[in-house]
Amino acid sequence: MASAGQQAGSDVQAALGRATILLQRDPSLAAKHAEEILAAFPDLVAARLVFATASRLLGNPLKAMALIEPLSRSEEASPGVLHELGLCLGAAGRGAEAIESLHKVLKIDPGHAAAWRSLGDQLSANGDEKGSSDAYARHLALSTTHPELVDAAEHLRQGKIPRAEQITREVLKQDPEDVVAIRMLASIGIRVGQIDDAIALLERCLELAPDFHLARQNYATALSRRQRLDEALSQIDKLLVFEPSNPNYLLMKGNFLVQKGEHLPALKLYEELLEDYPSQAGAHLNFGHTLKTVGRLEESIKAYRRAIDLRPRTGEAYWSLANLKTFRFTDDDIAKMRSQAAGDEGDPDDRSHLLFALGKALEDRQQFDESFTFYEMGNTIRGKHHRYDPKVNIYNTARQINVLTPEFFQAREGWGCPAADPIFIVGLPRAGSTLLEQILASHSQVDGTSELPDIIAMSRKLGKKSRSNPASNYPEVLTSLTEADVMELGERYLESTRVQRRKAPFFIDKMPNNFQHVGLIHLILPNAKIVDARRHPMAGCFSCYKQLFARGQTFTYDLVNLGYYYRDYLKLMDHWDEVLPGRIHRVQYEKMVGDSEGEIRRLLKYCDLEFEEQCLR
């Protein structure tokens, strides 16, 4: 029979177990249980550790620090206590001390996987990208039973995607429920643009391991790529329950808020993050993007320059300055850029951004020959890492023309969702679509949004496009849709884009590549407006060649491919004019510049909008 002391000890251990479990589910209740235990046993280390952790999870880092610091002095050899100290220091914005504490953990216990992950987060927030990458690699090595996945991760980091995928799929053949391998395959899917596949993989991963935070982080990223921004924010908020001050989660949340158009909350978040982590180059970069969006250009320039100071090879910061159009680089800037551009080392994305920025800087100085050389170098790098086959576009153009005939549309007249809300602006990039959006969005009845991916995503889903079926069954699949199917697709588009809208009755979708899907748009939304933004081919194509696009538009990295693409664009637009006469309103950029008022009045009339003076202004 157990003695009274043994029974009491057993009760305390049970209470501690309950409190520990509650940390992830209900930290306030965990804190209450820990306080009750400490009332009876004030020196119980495990209870004090639970209380400190609960306080951090409840967003009270100062209280957590008051609890954990004395404990860390008495338990200086305890990896668990020192790990929590590191997390609390990070939550309090004391990044350097957090890193020091986490290094102590790993000196005592090099196999502490969670500490390696925390160290990776803190090093990333403090601008040490190599150290962060190494720490994440150690975390991966300790978290998987398949060490070959470490090699796959390194191949992925180096851009050797086929080899990384091969290794990962081999692991999954042996162990189909290995969540680390599932997450890695999803990461590869995100890298190559197979977002829907990645989302499905990550949902499976989180079913198997709901507390796999790295997978949830990837899931949020994938959702954001599909403009499912409320869902992406919800996933980040779930992560922030466990780590309210995790700088990487906060940075992601800021990015999603920007995508959603909620710039002021994003600015506030970036400001708070940079107060705690002033050495986070990525945060300064995103802060600069958001400041630019709200028109605070001088502050955005300072943010971009700060990113460069912290990480001189941040090519995107240089390109962001160049992309302000009115910004001019100094002699010293250009000298630093030339120095950074020398040699072939470094991340390809950083190098290409830097080369495009250098091309723009020299173009502004009318040093055209050398400017073109740098544009060419930048495009060559992009072309190597973002492949484009013009034959695919030629083939797909022919398929649209062959399938979507006058007879096709006549047989389906009156189908689709009758809503007239969307105004689609299509064409080639750099043809004036942003100018048209600004003009229309100035109207009191129209919301501006952005380049929405919904129509392209719909076409891929309809055609069941995947890496194993790159050609897809689209547009041929449109011939098999029923009237109810077509109505549902139109309503689905309106629902999926609602997150981007405010309260105006009309909104703009300015994804230029939607010119390839005019037939689909007309089928599902017969009353939507479609505007073709067109520019002189030499001006338009060369402007594309000089522009570094964030994603997509891979045809722009080669002048010959640009020529082929422009030819396909004209051929397809001529086809739409023939089978859907009068359906598309064309705006020639040069005419808009030469006769702004006349062109704006014609555009508004086509959109069934009254003329408003602010559209001209």
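For clarity, every value in this text was computed on a predicted model and none was experimentally measured.

**What to know about the side chain of histidine 353**
Relative to the assigned elements, histidine 353 resides in helix H21 (residues 348-364). At a separation of 2.7 Å, a polar atom in the side chain of histidine 353 contacts the main-chain carbonyl oxygen of aspartate 349. What histidine 353 contacts, discounting residues up to four positions off in sequence, is Gly315, Glu316, Trp319, Arg382 and Leu548.

**Side note on the sheet that holds strand S5 (residues 584-588)**
Taking strand neighbours across the sheet as the criterion, the five strands line up as S2-S3-S1-S4-S5 in an open arrangement whose pairing is parallel. At either end of the open sheet lies a strand with only one pairing partner, and these are strand S2 (446-447) and S5. Examined bridge by bridge, strand S4 (residues 529-534) and S5 share five bridges and lie parallel to one another. Its bridge partner being in S5, valine 531 is matched across the sheet by histidine 585. Relative to the sheet, helix H32 (residues 596-606) contacts S4 and S5, its axis offset from that of S5 by approximately 165°.

**Quick look at unusual backbone geometry**
Backbone torsion omega between tyrosine 474 and proline 475 reads 10°, so that peptide bond is classified as cis. Turning to its location among the elements, proline 475 is positioned in the loop between helix H26 (454-463) and helix H27 (483-496). Positive phi is not limited to glycine here, since glutamine 227 has a value of about 60°. With relative accessibility at 12%, the residue glutamine 227 sits in the buried group.

**A few points about the packing of helix H15 (residues 247-259) against helix H17 (residues 281-293)**
Following both chains from N to C, one finds H15 and H17 inclined at 15°, their axes separated by 11 Å at the closest point. Relative to H17, H15 is oriented roughly parallel. Note on packing geometry: the crossing formed by H15 with H17 is left-handed. Contacts from Leu251, Asn255 and Val258 in H15 reach Gly282, Ala283, Asn286 and Thr290 in H17. Residues of the contact of H15 with H17, tallied by class, amount to three nonpolar, four polar and no charged.

**Some points on empty space enclosed by the protein**
Enumeration over the complete set of coordinates arrives at three cavities of 30 Å³ or more. Quantified by volume, the largest cavity comes out at close to 120 Å³. Taken together, 14 residues line the largest cavity, and the ones lying closest to its centre are Leu87, Ala91, Gln122, Glu243 and Asn246. Sorting the residues of the lining of the largest cavity by element identifies helix H5 (79-91) and helix H7 (113-125) as the ones contributing at least two each. Of the residues forming the lining of the largest cavity, the biggest block, four residues, is contributed by H5. For the lining of the largest cavity, the residue count by class is five nonpolar, six polar and three charged. Considering only enclosed or pocket space, the second largest cavity measures out at about 60 Å³ in volume. Surrounding the second largest cavity, Arg313, Gly315, Gln340, Gly346, Asp347, Asp350, Arg351 and Leu354 form its lining.

**Examining the environment of leucine 49**
Inspection of the secondary structure puts leucine 49 in helix H3 (residues 45-57). With 31 residues separating them along the chain, leucine 49 and glycine 80 place their C-alpha atoms 8.5 Å apart. Excluding residues within four positions of it along the chain, leucine 49 makes contact with Ile68, Leu71, Gly80, Val81 and Glu84.

**Remarks on H27**
With 14 residues, H27 extends 20 Å from end C-alpha to end C-alpha; this agrees with the ideal 20 Å at 1.5 Å per step. Buried within H27 are the following residues: Val486, Leu489, Gly490, Tyr493 and Leu494. One side of H27 holds all its buried residues, which, seen down the axis, span an arc of 135°. Turned more than 90 degrees from where H27 packs its buried face, Ala484 and Glu495 sit exposed. On the buried face of H27, the contacting elements are strand S1 (422-427), H26, strand S3 (506-509) and helix H28 (518-524).

**With respect to the packing of aromatic side chains**
This model, assessed by the stated rule, comprises 16 aromatic pairs. Following the ring pairs from residue to residue traces out a cluster consisting of Tyr388, Phe515, Phe555, Tyr565, Tyr566 and Tyr569. Between arginine 535 and the ring centre of tyrosine 589, over which it is positioned, the NZ or CZ distance is 4.9 Å. Sitting over the face of the ring of phenylalanine 611, arginine 601 holds its NZ or CZ atom 3.8 Å from the ring centroid.

**What to know about the packing of H26 against H27**
Packing of H26 against H27 leaves a shortest axis separation of 10 Å and a crossing angle of 135°. Taken together, the axes of H26 and H27 are oblique relative to one another. In this structure, H26 meets H27 at a crossing whose hand is right-handed. Between H26 and H27, the contacting residues are Asp454, Ile455, Met458, Lys461 and Leu462 on the first element and Leu489, Arg492, Tyr493 and Ser496 on the second.

**Here we look at helix H20 (residues 331-341)**
Considered for burial, the residues of H20 that qualify are Asp333, Ile334, Met337, Gln340 and Ala341. Along the axis of H20, the buried positions cluster into a sector of 120°, meaning they face one direction only. Residues of H20 that are exposed and point more than 90 degrees away from the buried face comprise Asp331 and Ser339. Against the buried residues of H20 lie helix H18 (297-310), helix H19 (315-322) and H21. Backbone geometry just downstream of H20 places glycine 343 in the positive-phi region, at approximately 85°.

**Concerning the pairing of S1**
Judged by how many residues are buried, S1 sits mostly within the fold: six of six residues are covered. Residue alternation in S1 divides its side chains into two sets, Pro422, Phe424 and Val426 and Ile423, Ile425 and Gly427, and both sets are buried. Judged from the three bridges that link them, S1 and S3 form a sheet pairing that is parallel. Its bridge partner being in S3, isoleucine 423 is matched across the sheet by isoleucine 508. The sheet contact formed by S1 and S4 spans five bridges and is parallel. Residue isoleucine 423 lies in a different strand from S4, and its bridge partner there is lysine 529.

**Observations regarding the layout of surface pockets**
Computed from the structure, the second largest pocket encloses a volume of approximately 580 Å³. Listing elements by their share of the lining of the second largest pocket, those giving two or more residues are helix H1 (4-25), H3, H5, H7, helix H8 (129-143) and helix H13 (213-225). Looking at the lining of the second largest pocket residue by residue, the class counts come to eleven nonpolar, nine polar and six charged.

Rules used in this analysis
- Residues numbered from 1 in each chain as written.
- Predicted model: local features only at pLDDT ≥ 70, side-chain atom pairs only at ≥ 80, totals over all residues.
- Heavy atoms only, no water.
- Helix = DSSP H or I, 4+ residues; strand = E, 2+ residues; numbered from the N terminus.
- Polar contact = N/O pair within 3.5 Å; in protein donor to acceptor, adjacent residues only side chain to side chain.
- Contact = heavy atoms within 4.5 Å.
- Pairing = 2+ DSSP bridges.
- Axes fitted to C-alpha atoms, helices over the stretch in contact; angles between N-to-C directions.
- Buried < 20%, exposed > 50% of the residue type's maximum accessible area, 1.4 Å probe, protein only.
- Parallel < 35°, antiparallel > 145°, perpendicular 65-115°, else oblique.
- Left-handed = near helix turned anticlockwise from the far one by under 90°.
- Nonpolar A, V, L, I, M, F, W, Y, C, P; charged D, E, K, R; others polar.
- 1 Å grid on protein atoms, 1.4 Å probe; cavity = no way out; pocket = protein on both sides within 12 Å on 5 of 7 lines; lining within 4 Å.
- Points joined across faces, edges and corners; volume = space filled by probe spheres on them.
- Expected span 1.5 Å × (residues − 1).
- Arc of directions from axis to C-beta.
- Phe/Tyr/Trp six-rings, centres within 6.5 Å; stacked < 30°, edge-to-face > 60°.
- Lys NZ or Arg CZ within 6 Å of the ring centre and 35° of its normal.

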